[in-house]
Amino acid sequence: MDLSHIFNSKKSFSISFYAVLFSLLSFSAFSQEHTSADTAHAETSVAHAEGAEEEENISQVILHHIADSHEWHFFGDVSLPLPVILYSENGLVTFLSNKFGHNDHGTEVFEANGTKLVNYHGKFYYPSAQKSADGTYIAHDAKGDILNSKPFDISITKNVVSLLISVTVLLIVFIGIANAYKKREGKAPKGLQSILEPIILFVRDDIAKPQLGHRYKGFMPYLLTVFFFVWLNNLMGLIPFFPGGANLTGNIAVTMMLALCTFVITTVNGNKNYWGHVFTPHVPWWLYPLMIPVEIIGLFTKPIALMIRLFANITAGHILILSLISLIFIIKSVLVAGVAIPFVLFISVIELVVGFIQAFIFTILSALFIGMAVEEHAEH
């Protein structure tokens, strides 16, 4: 099958551009989240009496494992510290996470590059002048919200590293396949090209063409990129060891940026017919004050649905697997493992399918929204 019209130099450049765009936009989004957890130990435990057995807060442990982190944990006490990059009132502050990450309870003030900071649950704040009643340098209002200001965080966290790894893999694979199509134009595919061609044809024939018609070629680079980006990171999230283990597509910042890319492409390519449906809907004129706001709201609900669907499904899968494993420690019986482990294996296999399905759904809905924007009136 000759797919050189898809993988010519211009299209290859477009694919690379979108992959790098995802990297930059998601990196900016991560800087706003500050969702880091800096150690791999079990987090919340309470002693009920002298010599009483400590009880782990399972929900906190699960949230710790699906959250972003300033380190990449391998096994036991072995982990890779990642650079913390903060833009503070005194300028840029940088240090490795293991330098000041031993205390994340907000009870110690440390100084980095002349800036005093306090680590509170993996987030860095400017400390209060005095300790609060709970022994921390963090002040809370009546609702429990933190009052301390904090520097602008642009740290390279675990999810950022995972994203850069996946983008690098995509660039290497797609540029390699593009070059293979140019060199072997009209010939049977070989190697990686032959493995991925059925999937490329699937995206083209079952996603792009039905939704976009004859205009599909111009949007194939984006659709291929978003499909393989989501699918690859869904699979990497199921691998419990490096370079997997990061919950990238279960991070709402990443799914937001992916949905925003679809929204921008849809908005930019919207034709006169598309905007006519928004501002002059096919209803009696006296319904315009009601329908126009509804249509405008609809422009934003589509990308929001894309964002939440991917985030919720991937996060739910991780939480379900971790919850089943946690049953062993909640019930404190090894016999439970005989039931929990088979269920974990079953759900893990299901998650492999879900990873593909979610990539398919995100891509086909993106193609659908773009198709609605470029559709001509005569094609209704």
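Residues numbered from 1 in each chain as written. Predicted model: local features only at pLDDT ≥ 70, side-chain atom pairs only at ≥ 80, totals over all residues. Heavy atoms only, no water.

### Quick notes on the overall build of the chain
Reasoning step 1: The secondary structure content of the chain amounts to 10 helices and 10 strands.
Reasoning step 2: By residue count, 44% of the 380 residues in the chain fall in the buried class.
Reasoning step 3: Just so you have it, the chain exposes about 19400 Å², and 66% of that area is on carbon and sulfur atoms. (Helix = DSSP H or I, 4+ residues; strand = E, 2+ residues; numbered from the N terminus. Buried < 20%, exposed > 50% of the residue type's maximum accessible area, 1.4 Å probe, protein only. Areas by Shrake-Rupley, 256 points an atom, 1.4 Å probe, with all protein chains shown as cover.)

### Some words on helix α5 (residues 192–212)
Reasoning step 1: Considering bend angle alone, the principal kink of α5 is centred on P198 and spans about 30°.
Reasoning step 2: Buried within α5 we find Q193, L196, E197, I199, I200, L201, V203, R204, I207, A208 and L212.
Reasoning step 3: Where α5 is buried, its residues touch α4 (158–183), α6 (216–236) and α10 (337–374). (Bend = angle between axes of the 7 residues up to and from the residue. Contact = heavy atoms within 4.5 Å.)

### Regarding the sheet that holds strand β9 (residues 123–125)
Reasoning step 1: Pairing within the open sheet is antiparallel, and its 3 strands lie in the order β7-β8-β9. Edge strands, defined here as strands with exactly one partner in the open sheet, are β7 (105–112) and β9. Looking at each pair of strands side by side, their axes are set apart by 35° on average, direction ignored.
Reasoning step 2: Note that strand β8 (residues 115–120) and β9 share 3 bridges and pair antiparallel. (Pairing = 2+ DSSP bridges. Axes fitted to C-alpha atoms, helices over the stretch in contact; angles between N-to-C directions.)

### Quick look at the nonpolar core
What tends to happen in soluble globular proteins is that the nonpolar side chains get buried as a cluster.
Reasoning step 1: Core analysis: the biggest nonpolar cluster contains 44 residues, and L212, F228, F229 and L258 have the highest contact counts within it.
Reasoning step 2: At the level of elements, α4, α5, α6, α7 (252–269), α9 (288–331) and α10 are the ones that each hand at least two residues to this core.
Reasoning step 3: The element contributing the most residues to this core is α6, with 12 residues.
Reasoning step 4: Discounting residues that sit within four places of it in the chain, L212 has contacts with F219, L223, A367, I370, G371 and V374. (Core = buried A, V, L, I, M, F, W, Y, C linked by side-chain atoms within 4.5 Å.)

### Some details on the sheet that holds strand β10 (residues 152–153)
Reasoning step 1: Across the sheet, 3 strands lie side by side as β6-β5-β10; this open sheet has antiparallel pairing. At either margin of the open sheet sits one strand with a lone partner, and together these are β6 (91–96) and β10.

### Structural notes on the packing of α4 against α5
Reasoning step 1: The interhelical angle for the contact between α4 and α5, taken along N-to-C directions, is 100°, at an axis separation of 10 Å. Here α4 is positioned roughly perpendicular relative to α5, judged by the angle of their axes. Residues V173, I177, A180 and Y181 of α4 pack against L192, Q193, L196 and E197 of α5.
Reasoning step 2: Its residues placed into classes, the contact of α4 with α5 shows 6 nonpolar, 1 polar and 1 charged. (Parallel < 35°, antiparallel > 145°, perpendicular 65-115°, else oblique. Nonpolar A, V, L, I, M, F, W, Y, C, P; charged D, E, K, R; others polar.)

### Quick word on the confidence of the model for the chain
Detailed reading of the predicted coordinates is not advisable wherever pLDDT is low.
Reasoning step 1: Averaged over every residue, the pLDDT of the chain is 78; residues scoring 70 or more account for 83%.
Reasoning step 2: Looking at the elements of the chain, mean pLDDT is at its lowest for strand β1 (residues 45–46), recorded as 36, and at its highest for α7, recorded as 92.
Reasoning step 3: Scored below 50 in pLDDT, residues 11–56 makes 107 contacts in the model with residues more than four places away or belonging to other chains. (pLDDT = per-residue confidence, 0-100.)

### Regarding the side chain of E197
Reasoning step 1: Looking at where E197 falls in the secondary structure, it is placed in helix α5.
Reasoning step 2: Of note is the side chain of E197, whose polar atom sits 2.6 Å from the side chain of Y181. (Polar contact = N/O pair within 3.5 Å; in protein donor to acceptor, adjacent residues only side chain to side chain.)

### Considerations on the environment of F242
Reasoning step 1: With respect to the helices and strands, the residue F242 is situated in the loop between α6 and α7.
Reasoning step 2: A residue is classified by how much of its surface remains accessible, and F242, at 39% relative accessible area, is partly exposed.
Reasoning step 3: Sequence separation between F242 and H73 is 169 residues, and the spatial gap between their C-alpha atoms is 8.4 Å.
Reasoning step 4: What F242 contacts, discounting residues up to four positions off in sequence, is W72, F74 and I165.

### What to know about the pattern of salt bridges
Reasoning step 1: Enumeration according to the criterion identifies 2 salt bridges in this entry.
Reasoning step 2: One salt bridge in this structure joins K209 and D205, with 3.8 Å as the shortest N-O distance. You can see K209 and its partner D205 sitting in helix α5, 4 residues apart, about one turn around the helix.
Reasoning step 3: The exposure class assigned to D205 is partly exposed, which follows from its relative accessible area of 30%. (Salt bridge = Lys/Arg side-chain N within 4 Å of Asp/Glu carboxyl O.)

### Focus: a nonpolar patch on the surface
Reasoning step 1: A surface patch of nonpolar side chains, about 450 Å² in accessible area, is lined by F74, F75, V78, L80 and F242.
Reasoning step 2: When contributions to the nonpolar patch are tallied by element, the ones reaching two or more residues are β3 (71–75) and β4 (78–81). (Patch = residues over 30% accessible without salt bridge, like charges linked within 9 Å, V, L, I, M, F, W, Y side chains within 5 Å.)

### Re the side chain of T266
Reasoning step 1: Summarising the element assignment, T266 is placed in helix α7.
Reasoning step 2: The contact partners of T266, leaving out residues within four places of it in the chain, are Y274, F369, I370 and A373.

### Notes on unusual backbone geometry
Reasoning step 1: Of note, N113 is a non-glycine position whose phi angle comes to about 50°, a positive value.
Reasoning step 2: Among the secondary structure elements, N113 is positioned in the loop between β7 and β8.

### What to know about the environment of I361
Reasoning step 1: Relative to the elements of secondary structure, I361 occurs in helix α10.
Reasoning step 2: Classification of I361 as partly exposed rests on a relative accessible area of 24%.
Reasoning step 3: Spatially, the C-alpha atom of I361 lies 9.5 Å from that of I207, the residues being 154 residues apart in sequence.

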